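# Observations on chain architecture
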Amino acid sequence: MDLNKLILTNNRCYKAGKKITPKGIMVHSTGANNPELRRYVNPDDGRLGKNLYNNHWNIDSPNLSVCVHAFIGRLANGNVATYQTLPWDHRGWHCASGPLGSGNDTHISFEICEDGLTNHTYFESVWREAVELCAYLCKMYDFNPLALGVLIDHSEGHIAGISSNHADIRHWFIRHVLSMDNFRHEVAKMIDSQTPDPFGRTVWLYETNGTYAQDWILRPCKDGSYSFESVANGLMLDARGNRMEPGNDVWAYPNNGTDAQRWHIKAITGGLTPTVSAHPFADHGLALDIEGNRHESGTRIQLWEVNNTRAQEFTLVFRGLTPEGDVVVTLIHCDSNKAIDLKHGGK
Ligand SMILES: [Zn+2]
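Residues numbered from 1 in each chain as written. Predicted model: local features only at pLDDT ≥ 70, side-chain atom pairs only at ≥ 80, totals over all residues.

## Examining the overall build of the chain
What counts, and what does not: Numbering of helices and strands runs from the N terminus, with a helix taken as a DSSP run of H or I at least four residues long and a strand as a DSSP run of E at least two residues long. Counting other C-beta atoms within 10 Å of a residue's own tells you its class, since 20 or more makes it buried, 12 or fewer makes it exposed, and anything in between is partly exposed; those C-beta atoms are placed from the backbone.
Along the backbone of the chain there are five helices and 18 strands. Across its three principal directions, the C-alpha atoms of the chain cover 80 × 40 × 35 Å. Here the chain holds 347 residues, and 43% of them are scored as buried.

Written out as structure tokens, the structure is:
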């Protein structure tokens, strides 16, 4: 993220001087074909370029009763950047109100400068910038971007009864076959990748080698689900953060009794070494999956939508019994003959 700061101190919203305790973030887009930041943010700081029409938002005018906390758009040199334009806890004027109140009282807001809405390169740049901005704000305020009503767009604010009836930013995302759900998940993923969890261990695909790093105790739970407990370090095969969504990491995590560690095992073929697929017990529409069905050692293990491909087929190889009589297995990816493995032995 290329984050800059130019507070719109002449705007009447800034001058109103009201503070909020932010509870979430509302995403907007400008609704006009002009991707240049200088259209809204000025004076020129050497990067924005000069607004020749003096129609930016840093003016005191009775005709300008809007202001947001940030803009994402193009600099004079064509690169995409973010400008913070209000203190994050300032009360913005971005979404008016609905029957249940006003998002102005609860949500930090930003506008993404629209272009003609069809340029995919520009869209990808502003999408990435917006994901980073939201991850940054979520960490600052300890927001969970996946929680209801926290990270929403203007159109969802209207559905929630806290804003005027606008279509942004859904109308733009749709053109690139994306939704606010995709956006929220990207933000959550970015926060995870920036937040080291001292307890989790990476699970990846690796040459089958007969070590404990590939041995899992298959433990039946009461309801027909199973957990996989590592023989190497006692951690459980786990959907990271208990997030049931395609693309989420599968890794190893201490036993915490959540659904993230319970799996539904479905037989594809029977026999002594059955071929199976494994599904999070909370969502059978997802499956344990080898990313891209790649064969290289080190390939990521993830959740993905059930698609009946070889990326989701595993052989359960019997390795022995624990003293308690539980079965120990190795999960072999059928296509590559490599195993689900704890990176570096799970240390
Ligand atoms: Zn809006």
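## Notes on the sheet that holds strand β6 (residues 151–153)
As a reminder of what qualifies: Two strands qualify as a pair provided DSSP detects at least 2 bridges between them. Lines fitted to C-alpha atoms define the axes here, with helix axes fitted over just the stretch in contact, and angles between the N-to-C directions of these axes take values from 0 to 180 degrees.
Reading across the sheet, the six strands line up as β1-β4-β3-β5-β2-β6 and stay open at both edges, with mixed pairing between neighbours. Every other strand in the sheet has two partners, leaving β1 (3–5) and β6 as the edge strands with one partner each. Strand-to-strand twist in this sheet, taken as the mean axis angle between neighbours without regard to direction, amounts to 25°. With three bridges connecting them, β1 and strand β4 (residues 80–84) associate as parallel partners. In the sheet register, Asn4 faces β4, and the bridge partner there is Tyr83.

## Focus on the pairing of strand β3 (residues 70–74)
Most of β3 sits out of view: five of its five residues are buried. Pairing geometry for β3 and β4, over five bridges, is antiparallel. Considered in β4, the bridge of Ala70 is made with Gln84. Hairpin connection from β3 to β4: five residues lie between these consecutive antiparallel strands, with Gly78 at a positive phi of about 95°.

## A word on the nonpolar core
This is how the line gets drawn: Throughout this description, the term nonpolar core refers to a group of buried Ala, Val, Leu, Ile, Met, Phe, Trp, Tyr and Cys residues whose C-beta atoms join them within 7 Å. Note that contacts rest on C-beta atoms placed from the backbone: two residues are in contact if these are within 7 Å.
Counting 46 residues, the largest nonpolar core has Leu37, Cys67, Phe71, Ile72, Ala130, Cys134 and Val187 as its most contacted members. Among the elements that take part in this core, helix α2 (residues 120–141) stands out by supplying nine residues, more than any other. Setting aside residues up to four positions removed in sequence, Cys134 forms contacts with Ile25, Pro145, Leu151 and Val187. Within the second largest apolar cluster, 38 residues are counted, among which are Tyr226, Phe228, Ala252 and Leu303.

## Here we look at the packing of α2 against helix α5 (residues 180–194)
Heads up, the condition is: Convention used here: angles under 35 degrees read as roughly parallel, angles over 145 as roughly antiparallel, angles from 65 to 115 as roughly perpendicular, and any remaining angle as oblique. It is the rotation of the near helix from the far one that decides the hand of a crossing: anticlockwise by less than a right angle makes it left-handed, clockwise makes it right-handed. Each residue receives one of three labels: charged for Asp, Glu, Lys and Arg, nonpolar for Ala, Val, Leu, Ile, Met, Phe, Trp, Tyr, Cys and Pro, and polar for the others, Gly being one of them.
The contact between α2 and α5 brings their axes to 9 Å, and the two run at 60°. As judged from the angle between their axes, α2 and α5 are oblique. Considering how the two elements wind past one another, α2 and α5 form a crossing that is right-handed. On α5, the residues touching Val131, Glu132, Cys134, Ala135, Cys138 and Lys139 of α2 are Phe183, Glu186, Val187, Met190, Ile191 and Gln194. Here the residues of the contact of α2 with α5 sort into eight nonpolar, one polar and three charged.

## Details of α2
Heads up, the condition is: Multiplying 1.5 Å by the helix residue count minus one yields the expected span of that helix.
Here α2 spans 31 Å end to end across 22 residues, near enough to the 32 Å set by a 1.5 Å rise per residue. Buried within α2 we find Val126, Trp127, Glu129, Ala130, Val131, Leu133, Cys134, Ala135, Leu137 and Cys138. Packing partners of the buried residues in α2 comprise β2 (24–29), β3, β4, β5 (107–112), β6 and α5. At the exit of α2 stands Asp142, carrying a positive phi of roughly 60°.

## Here we look at the domain arrangement of the chain
Selection criterion: Domain ranges listed in this record stem from an automatic or a database domain assignment.
If you check the domain split of the chain, you get domain 1 (3–194) and domain 2 (201–346). A separation of 40 Å is found between the C-alpha centroids of domain 1 and domain 2. Its residues assigned to classes, the side of domain 1 that touches domain 2 shows two nonpolar, one polar and one charged.

## Digging into the pairing of β5
Among the six residues that make up β5, six are buried, leaving the element largely enclosed by the rest of the structure. Residues His107, Ser109 and Glu111 line one face of β5 and the alternating positions Ile108, Phe110 and Ile112 line the opposite face, and both faces are buried. The sheet contact formed by β2 and β5 spans six bridges and is parallel. Within the sheet, the bridge partner assigned to Met26 lies in β5 and is Ser109. Here β3 runs beside β5; their pairing, made up of three bridges, is parallel.

## A closer look at α5
Taking 1.5 Å per residue, 15 residues should reach 21 Å; α5 reaches 21 Å between its end C-alpha atoms and fits that length. All of the buried residues in α5 are Phe183, Arg184, Glu186, Val187, Ala188, Lys189 and Ile191. In this structure, the buried residues of α5 make contact with α2, β6 and α4 (170–173).

## Section: unusual backbone geometry
For the bond from Asn42 to Pro43, the omega torsion is 10°, close enough to zero to count as cis. In this fold, Pro43 is placed in the loop between β2 and β3. The step from Asp168 to Ile169 runs through a cis peptide bond, and the omega angle for that step is 5°. With respect to the secondary-structure elements, Ile169 resides in the loop between α3 (154–159) and α4. Located in the positive-phi region is Asp142, a residue other than glycine, with phi close to 60°. In the Ramachandran plot, Asn337 falls in the positive-phi region, its phi being about 65° despite a non-glycine side chain. Its location among the elements puts Asn337 in the loop between β17 (327–333) and β18 (338–342). The exposed category is assigned to Asn337, around which 11 C-beta atoms lie within 10 Å.

## A few points about the environment of Val276
Mapped onto the elements of the fold, Val276 is located in strand β13 (residues 275–280). Residue Val276 is classed as buried on the basis of its 22 C-beta neighbours within 10 Å. With 32 residues separating them in the primary sequence, Val276 and Asn308 have C-alpha atoms 11 Å apart. Apart from residues no more than four positions distant in its own chain, Val276 is found in contact with Ile265, Lys266, Ala267, Ile268, Phe314 and Leu316.

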